[in-house]
Each structure stands twice: as structure tokens, then as C-alpha cells.
Amino acid sequence: MKVAAGRTLLQGSVKMRTSRPDRRRLSPPQPEPSARTSIRPLLPRRACYSYRDDDLLEQIGGLVRQRWVLMHPLTANEDFRLSFWARVREFAVPPSMIESATARRAVGDWAGACAAARVDVDLDLRAAGRAHGGQLVARVRADLRHLAPDLLRWHFPRIGPNGLLRPGLTVSLARYGPAATGGGAIHLVVRTPPAWAGGGQRISLALWEPSEPGAGLHPHPRPDRRYRLDLHRHLWDVRRAGELLKRSGRWPSHGNAAHAGIPVGVDACAVDRWAAEAALLLSAETSPGNVVAVRLTRRHRVLLNLGPPDEAVGGRAVPVLPDAATWVLPDLRLLHAGLVDVERLHPLVASALRPGGRPAGAERRPSGSEPLRLVECRGATHRIAVVNGVLAPLDHDPGEIRREELLGALGGPEVPCLQAIDEAHRHPENLEEVRARLDHGDTAGACAAVETLLGPDVLVRGGALRDELETAARRQVLHGLYRTGLAGCGPLPSTKDNRRRVRRRHPRHANVH
């Protein structure tokens, strides 16, 4: 498939000028003063409770609920969240990626599985062995052989409104004890590029140690405290995938959220798992205390006290419950709402949530051919379909088609069949599907959707479809510049000659008398 100017879609040989990212930050509009703003200083910023103190739990729960209703009125959020996750499950991890990654992982090719799941490998095991010993490398190799990169992409944190991967994030997958050089623990991490370089939605895999200065142009090279998967191996390790149902929380929650003092509008909290996950977090951390913070929203946190009820937090830092342990698995909510079938889920997820439902390698969706399209043309019903690789009318002879195309080029009206073909080129019916696949990096799926509609040898004309394809190509070029370190979060380095220049007393071409 090509665009009208003759450029091949999303190829590295395409030469195009990329715009430099803008470093200016636009401040959000300030809300107008109202009577609600006076309530904010009177309400606590955090709510602390213990599982052993029900009276304090009910009192603080009512106060937090009152604060949420006054400051954040929400409507139809549940439908929005469910539709959000349904769209993510449809486009984020295509079946072809799952099948290819699973086949390569089954034969022990973990690097090939990462390539199939669009995961870039940025680690050198030989260099790690020379620096930290063969025992650590053996543990890393064992984890890499059982890493399911497609499952990792399935469960990776995402942001709205399109469900893209959370940008600029470093997530720890595993920890391997202190380094041989005497530093802290070494982490197997995955990173997502910043938003301006997120074309293709690629993930990178690397080893990180505390003495590492940085990771190129990545804005946050250190592992994130909130988004971590080293305590949740069932989200990426095939050996632990069967634990998914047990650690996903209960849904429906049957009033657990209301009992825990969760504010109105915040649902799908895995409250029944908080105590066990907090105990697991405290056992893995070296910080003293029995208090764990649960981040529900940007402005509301809950402190879980697993120790004595009167334990004070003081000014010390409190461990944060991982985001994967805070919320109920979205797949459980989608299954309960009937928005997704078990056959449409990831095979490892489906086998864990519905044991015995289907084999791990079953097909998720059948493939079908595009039928003929009917057009009302001059009082008759005509057909248009893909013929010889392009979309063409079937009920007009070649001479008539050439005359009508010439008439259209001169500014006259074409026959409805040619108008329908032109509309399919510029604003196709599946434009939203193509845009969603391009946003999630599924270039092959987007090209297949376009070729099914317009034909494999189509020359895409100017319009919304071509704009989307060219934008995706430019974003992938920018991601390649980010990977090679040739583009940063701002303008490129200036090539201006800053050497001191000798000033002339007279202009170069002036006549001296």
C-alpha cells in the first residue's frame, strides 16, 4: 500500500521532516471561584484507618465520601471505564502478536518473542556476567525464558483517553539482590518512551542498578514505586499465570468498598486483597513500620495499618501499595458486564479466569473477506469491489470510467460509483479502527484493514486516511531518533557558529575614499 506521492507506508527509507517537540508547558485553565473552594482546607488530605477499628473506619469513610461528592461530582463513570477497557482489549494486543510471541517462546526464543511483542532488548547478559557474576545472569536468563512479553503488554499500565501505554515509565519486573560492587539491588525493568516519542507503542527491556546514572533520554530511569510488577509475577511470568484469579480481587465487590470508606465515584477497588498485598509489600521492603499507603486518586489516599491501631506514621516515608494490587482486574469487570467473551481474552488470562474454557492456543477471532458493496447509481444498483488489487466499479466499462474520471478532473460531477470510491479513499468507514490500530502501534493490522477495504495495490489519495498514515510514519521516525539519542525533549542542538568573529571597520563591498 502506498500514499499518493509514491511513499511507502511506514518504511525506514522514507525521508520526511519531523517537527521538533515543543518544550512549553501550557498551564491548565484555573477554575472560577465558587462556594466549593472554601471546603477544601477543612477536609483532611489523607484518611488513615485500621482494620481493627470499625468506629474510626465509619467516621473517616463518611467524611471522605462527603469531600468527594462536593468536589468531584461524577456521572456515568462506570460505563466510560468499561468502554475504555473494552477498546483497549480490542486493539492494544492483536491476536497475531499473541500467536507469534507464544510460538517463539514455546521453542525457547525469548528474544524472538520480545521482537514479536514490539519489546526492544537493551541488555547485554555477557557484560552483566562479567560485572556481577554468573549466578545473577543465570537467574536473569531463567526469568527471560519464562517472560511472556505479550502478557506483559496486556497488563501494562495505561492512560486515557485512547488507552495507550503510560509514557515515561520504568517498571520493575524482578529484583536480584545487592550488586557485586556493593550497591543496591539489581532490577530487571521495562521502560516506555516519553509521550512525544511514543510512536509504535514500543517497550524496552533492560537491567538497572542504583549506580546507573541514567537511561539515555528517558525522563525517569529509576523504577517507579507505584507501578511495579516484581511482586506481581503472575502478570508477566508464565510460571505464575495461574495465580491471576486469586490475586485479581472479587467482582462484584458486595459492598467492600463502602465498608472501607472508599469515596463515592471510586469503584472497582480490590479491598479484599489489600491486607494480603500490603503484608507482601512490607515483607519485601526494608523500611520499618506496618503502614502502607493506597493511592486511589490524585487527591485521595488511604493508609492501611496492619500493626497496632495506635501506630503513628510520623514524618517517615510510607510504602505505596502497587497499582496492580489496588484495583480489580479489568477483565473480570468486562466479563461480568458481558462486554467481552472469554475467547477474546489473552489465552493465559482466559485459562486463569475460566479454567477449562478453551485451550491456550485457540483462535480468538475468525478472518473473513470483505463482501461486495452496493451503490445506487443513476437509478440502478451497482457493485464496487476489489479487482486486481484496487477498488473498482464492476458495472461500468473501462471507457466510461476514463471519461468520468476526466470529467471529475475538470471539475464536473462523477458517477455515484466513482464518488463512493473516492469517499472510501478519503474518509473510509473503518477510519476509526485504522486510527485505533495506528495509535496502539499495530501497523500490520491497520494496513490489513485498509487493504481489505481498498485493495493491496491501492494508491491512497489525499484525505483523513492518508493524514493518519503519514502521522503514524512521522511518529515512528521520531521514536527512532529517540532510540538513537538524536532527538530530545526539546529542540535539537543548535549548529550556529559561536566562534568569535572579527568585525570589519567597513562593509565588505563599500568603497573607501
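Residues numbered from 1 in each chain as written. Predicted model: local features only at pLDDT ≥ 70, side-chain atom pairs only at ≥ 80, totals over all residues. Heavy atoms only, no water.

**A closer look at the layout of surface pockets**
No. 1: Estimated volume of the largest pocket: approximately 1400 Å³.
No. 2: Every residue lining the largest pocket is counted, 43 residues in all, and those nearest its centre are Trp85, Arg158, Arg226, Asp323 and Trp327.
No. 3: Elements represented by at least two residues in the lining of the largest pocket include exactly α2 (77–91), α7 (149–155), β4 (158–159), α10 (323–326) and α11 (330–337).
No. 4: Taken together, the residues that form the lining of the largest pocket break down as 22 nonpolar, 8 polar and 13 charged. (1 Å grid on protein atoms, 1.4 Å probe; cavity = no way out; pocket = protein on both sides within 12 Å on 5 of 7 lines; lining within 4 Å. Points joined across faces, edges and corners; volume = space filled by probe spheres on them. Helix = DSSP H or I, 4+ residues; strand = E, 2+ residues; numbered from the N terminus. Nonpolar A, V, L, I, M, F, W, Y, C, P; charged D, E, K, R; others polar.)

**A short note on the sheet that holds strand β12 (residues 380–387)**
Working definition: the strands of a sheet are paired by backbone hydrogen bonds and lie parallel or antiparallel to each other.
No. 1: Taken in spatial order, the 3 strands of this open sheet run β11-β12-β13, and their pairing is antiparallel. Each edge of the sheet is formed by a strand with only one pairing partner; in this case those strands are β11 (373–377) and β13 (390–393). Here the average twist between neighbouring strands, direction ignored, is 30 degrees. (Pairing = 2+ DSSP bridges. Axes fitted to C-alpha atoms, helices over the stretch in contact; angles between N-to-C directions.)

**As for the pattern of salt bridges**
No. 1: Using the criterion set out here, one finds 27 salt bridges in the structure.
No. 2: The shortest N-O distance in the salt bridge between aspartate 323 and arginine 226 comes to 3.2 Å. Here the residue aspartate 323 occupies a position in helix α10, and arginine 226 occupies one in the loop between β8 (203–208) and α8 (256–259), the gap between them amounting to 97 residues.
No. 3: By relative accessible area, which is 18% here, arginine 226 ends up buried.
No. 4: Each of Arg240, Glu243, Arg247, Arg273 and Glu277 takes part in one network of salt bridges that share partners. (Salt bridge = Lys/Arg side-chain N within 4 Å of Asp/Glu carboxyl O. Buried < 20%, exposed > 50% of the residue type's maximum accessible area, 1.4 Å probe, protein only.)

**Observations concerning the packing of helix α15 (residues 431–439) against helix α17 (residues 464–483)**
No. 1: Look at α15 against α17: their axes get within 10 Å of each other, and the N-to-C directions meet at 5 degrees. As judged from the angle between their axes, α15 and α17 are roughly parallel. Across the interface between the two elements, Leu431, Val434, Arg435 and Leu438 from α15 touch Ala464, Leu465, Glu468, Leu469 and Ala472 from α17.
No. 2: Split by residue class, the contact of α15 with α17 holds 7 nonpolar, no polar and 2 charged. (Parallel < 35°, antiparallel > 145°, perpendicular 65-115°, else oblique. Contact = heavy atoms within 4.5 Å.)

**Quick look at the pairing of β12**
No. 1: Pairing between β11 and β12: 5 bridges, direction antiparallel. Looking at the pairing, valine 375 lines up with histidine 382 of β12.
No. 2: Where β11 folds back onto β12 in an antiparallel hairpin, the turn is made up of 2 residues, including arginine 378, whose phi is positive at roughly 55 degrees.
No. 3: Here β12 runs beside β13; their pairing, made up of 4 bridges, is antiparallel. When the bridges of β13 are listed, isoleucine 384 appears paired with proline 393.
No. 4: Turn length for the β12-β13 hairpin, with the two strands adjacent in sequence and antiparallel, is 2 residues, and the turn residue asparagine 388 shows positive phi of about 55 degrees.

**Focus on the pairing of strand β10 (residues 301–305)**
No. 1: Burial analysis of β10 places 4 of its 5 residues in the buried class, the great majority of the element.
No. 2: Summarising the sheet, strand β9 (residues 291–295) and β10 pair through 5 bridges and their orientation is antiparallel. The residue bridging arginine 295 from the neighbouring strand is arginine 301, located in β10.
No. 3: Count of turn residues in the β9/β10 antiparallel hairpin: 5 residues.

**Quick word on the nonpolar core**
No. 1: Grouped together as the largest cluster of nonpolar side chains are 57 residues, with contacts concentrated most on Leu144, Leu173, Leu188 and Leu205.
No. 2: The element best represented in this core is helix α12 (residues 347–353), accounting for 5 residues.
No. 3: With 24 residues, the next largest nonpolar core counts Cys417, Ile421, Val450 and Leu469 among its residues. (Core = buried A, V, L, I, M, F, W, Y, C linked by side-chain atoms within 4.5 Å.)

**Some details on a nonpolar patch on the surface**
No. 1: There is a patch of nonpolar side chains on the surface, built from Leu372, Val387 and Leu394 and spanning about 220 Å² of accessible area.
No. 2: Turning to its location among the elements, leucine 372 is positioned in the loop between α12 and β11. (Patch = residues over 30% accessible without salt bridge, like charges linked within 9 Å, V, L, I, M, F, W, Y side chains within 5 Å. Areas by Shrake-Rupley, 256 points an atom, 1.4 Å probe, with all protein chains shown as cover.)

**A few points about the sheet that holds strand β7 (residues 185–191)**
No. 1: A sheet is described by the order of its strands in space; here 4 strands give the open sequence β3-β8-β7-β6, paired in mixed fashion. Strands at the two margins of the open sheet, each flanked by one partner only, are β3 (119–121) and β6 (170–178). When the angles between neighbouring strand axes are averaged without regard to direction, this sheet yields 20 degrees.
No. 2: Across 6 bridges, β6 lies against β7 in antiparallel orientation. What sits directly across from serine 172, in β7, is valine 189.
No. 3: Here helix α6 (residues 134–145) sits on the sheet in contact with β6, β7 and β8, set at roughly 145 degrees to β6.

**Comments concerning the environment of valine 477**
No. 1: Tracing the chain through its elements places valine 477 in helix α17.
No. 2: Sequence spacing of valine 477 and alanine 197 is 280 residues, and the spatial spacing of their C-alpha atoms is 8.9 Å.

All quantities given are derived from atomic positions and should not be read as evidence of function.
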